[in-house]
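Listed below, chain by chain, are the residues.
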Amino acid sequence: MNILVTGGAGYIGTHTLITLIECGHAVVVVDNLINSKAAALKRVEQITQTKIPFYNVDIRDKSGLDEVFAQHQIDAVIHFAGLKAVGESVQKPLAYYDVNVNGTRVILDVMQKHAVNSIVFSSSATVYGDPHQVPIDESFPLKATNPYGRTKLFVEEMLKDAAIANDKLNVIILRYFNPVGAHESGLIGEDPNGIPNNLVPFIAQVAVGKRESLAIFGDDYQTVDGTGVRDYIHVLDLAQGHVSALEKKHTQAGVHIYNLGTGNGSSVLQVVSAFEKASGQVINYKICERRAGDIAQCFALASKAKQELDWQATRDIDTMMEDVWRWQSGNPDGYE
């Protein structure tokens, strides 16, 4: 297939490009490079020995997208592009609605014009809000607790409505849990702008001396060691989930929804311990007050993806941390 990847220069996008190319698919990338680096795509080309058509286009730019579709015979779209920081979304909700919701609407418009009827959407476990129990399955009620999560939820609803209106449209919604890890080559990985919002890149920056210590928010949750538990999934397992979903469901019109996680939770302290083991570094941390809105534990029931997509995560937390350390120690300043 010839697949348009929006946000293809980003962390999950680059790893998915490698997996797509390794599985014999052709790719075209659209990215405005606001939260990503062109250098990452060069590294993907180095790993895959494949030239990747790249367009510096914002997903809200209808004429720019139209031109990309006109130049390439697109079979399906994998839609990663969007803003993704929970805290920032509280401060700048309108920007999040504009990029995430309106941007997806523009993509759907252009897809319709060019008779492209297959889209994989990068959603998030944040759509479940504070779950009434764990593990979380796809039938749980949806209730996002912040603007970022609500944009994901609204896009899911928009995609469902679009599929009702167009009985040829194939929508695959993938709800990610916590992507971590890096490509085993050490050439690509997570390179956040500024202070990392997520646990693992922050730990990695402490390990290479960029940050003084890690703040752990709360150690009095009802969990194995009092710290928050999350479902961490290797980014390459996540990438394979996209390829499996496309290959299994591409021709089946309608809406298909899957959790992509390992089905297991790791606590903050367990992740710190795994990273210390992988890196040989001691991670300085301090226990702080709980953050408002944080939940005790969140992990997936991923059996639906296993049954319907023949996919499951295979890499464990030790492998994830080893790959993060290889990337971070080899690239202490990211792609700079």
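For clarity, every value in this text was computed on a predicted model and none was experimentally measured.

**Student:** Help me understand the environment of Val171 in this model?
**Tutor:** The residue Val171 is located in strand E6 (residues 170-176) in this model. Assessed through its relative accessible area of 0%, Val171 is described here as buried. Sequence spacing of Val171 and Phe140 is 31 residues, and the spatial spacing of their C-alpha atoms is 19 Å. Residues in contact with Val171, not counting those within four places in the same chain, are Ile119, Leu159, Ala163, Gly254, Val255 and His256.

**Student:** Can you walk me through the side chain of Thr6 in this structure?
**Tutor:** Among the secondary structure elements, Thr6 is positioned in strand E1 (residues 2-6). Of note is the side chain of Thr6, whose polar atom sits 3.1 Å from the backbone nitrogen of Phe80. The contacts of Thr6, once residues within four sequence positions are left out, are Val30, Ile59, Val77, Ile78, His79, Phe80, Ala81 and Ile107.

**Student:** Even after reading the chapter, I still don't get the sheet that holds E1, so can you show me in this structure?
**Tutor:** Whenever strands of a sheet pair, they do so through backbone hydrogen bonds, lying parallel or antiparallel. Sheet architecture is open: seven strands sit in the order E3-E2-E1-E4-E5-E6-E11, paired in parallel fashion. Of all strands in the sheet, those with a lone pairing partner are strand E3 (54-55) and strand E11 (254-260), marking the two edges. Pairing geometry for E6 and E11, over seven bridges, is parallel. Paired with Asn170 across the strands is Gly254, a residue of E11. Contacting E1, strand E2 (26-30), strand E4 (76-79) and E6, helix H1 (residues 11-22) crosses the sheet at an angle of about 160 degrees to E2. Along the sheet, helix H8 (residues 235-249) makes contact with E1, E4, strand E5 (118-124), E6 and E11, crossing E6 at roughly 160 degrees.

**Student:** Is there a simple way to explain the pattern of salt bridges in this structure?
**Tutor:** A side chain of one charge can pair with a side chain of the opposite charge when the charged atoms of the two come close. In this structure the tally under the stated criterion is 18 salt bridges. Its salt-bridge partner being Lys160, residue Glu157 comes within 3.4 Å of it at the nearest N-O pair. One end of the pair is Glu157 and the other is Lys160, both in helix H6 (residues 147-165) and three residues apart, which spans about a single turn. Judged by relative accessible area, which is 36%, Glu157 ranks as partly exposed. Put simply, Glu308 and Lys249 hold a salt bridge, and the shortest N to O gap is 3.7 Å.

**Student:** What is the right way to read the UniProt feature "domain: NAD(P)-binding" (unreviewed entry) in the chain from this model?
**Tutor:** In the numbering adopted here, UniProt assigns the feature "domain: NAD(P)-binding" (unreviewed entry) to residues 4-323. Between the first and last C-alpha atoms of residues 4-323 the distance is 27 Å; the span itself is 40% helix and 17% strand.

**Student:** What exactly am I supposed to notice about helix H9 (residues 268-279) here?
**Tutor:** Think of an α-helix as turning once every 3.6 residues; residues three or four places apart then point the same way. If you check H9, its first and last C-alpha atoms are 16 Å apart, about what twelve residues at 1.5 Å a residue would give, namely 16 Å. Taken as a whole, H9 has its buried residues at Val268, Val271, Val272, Ala274, Phe275 and Ser279. Down the axis, H9 shows its buried residues gathered within 165 degrees of arc, on one side only. Considering only its buried residues, H9 is in contact with helix H7 (199-207), strand E8 (214-217), strand E10 (232-234), strand E12 (266-267), strand E13 (285-288) and helix H11 (317-330).

**Student:** Can you walk me through H8 in this structure?
**Tutor:** Helix length check: H8 (15 residues) gives 21 Å between terminal C-alpha atoms against 21 Å at 1.5 Å per residue, within 8%. H8 sits mainly inside the fold: twelve of its 15 residues count as buried. Three or more residues of H8 are buried, namely Val235, Leu236, Asp237, Leu238, Ala239, Gly241, His242, Val243, Ser244, Ala245, Leu246 and Lys249.

The rules we used
- Residues numbered from 1 in each chain as written.
- Predicted model: local features only at pLDDT ≥ 70, side-chain atom pairs only at ≥ 80, totals over all residues.
- Heavy atoms only, no water.
- Helix = DSSP H or I, 4+ residues; strand = E, 2+ residues; numbered from the N terminus.
- Buried < 20%, exposed > 50% of the residue type's maximum accessible area, 1.4 Å probe, protein only.
- Contact = heavy atoms within 4.5 Å.
- Polar contact = N/O pair within 3.5 Å; in protein donor to acceptor, adjacent residues only side chain to side chain.
- Pairing = 2+ DSSP bridges.
- Axes fitted to C-alpha atoms, helices over the stretch in contact; angles between N-to-C directions.
- Salt bridge = Lys/Arg side-chain N within 4 Å of Asp/Glu carboxyl O.
- UniProt positions renumbered as here; feature names shortened; annotations may be inferred.
- Expected span 1.5 Å × (residues − 1).
- Arc of directions from axis to C-beta.

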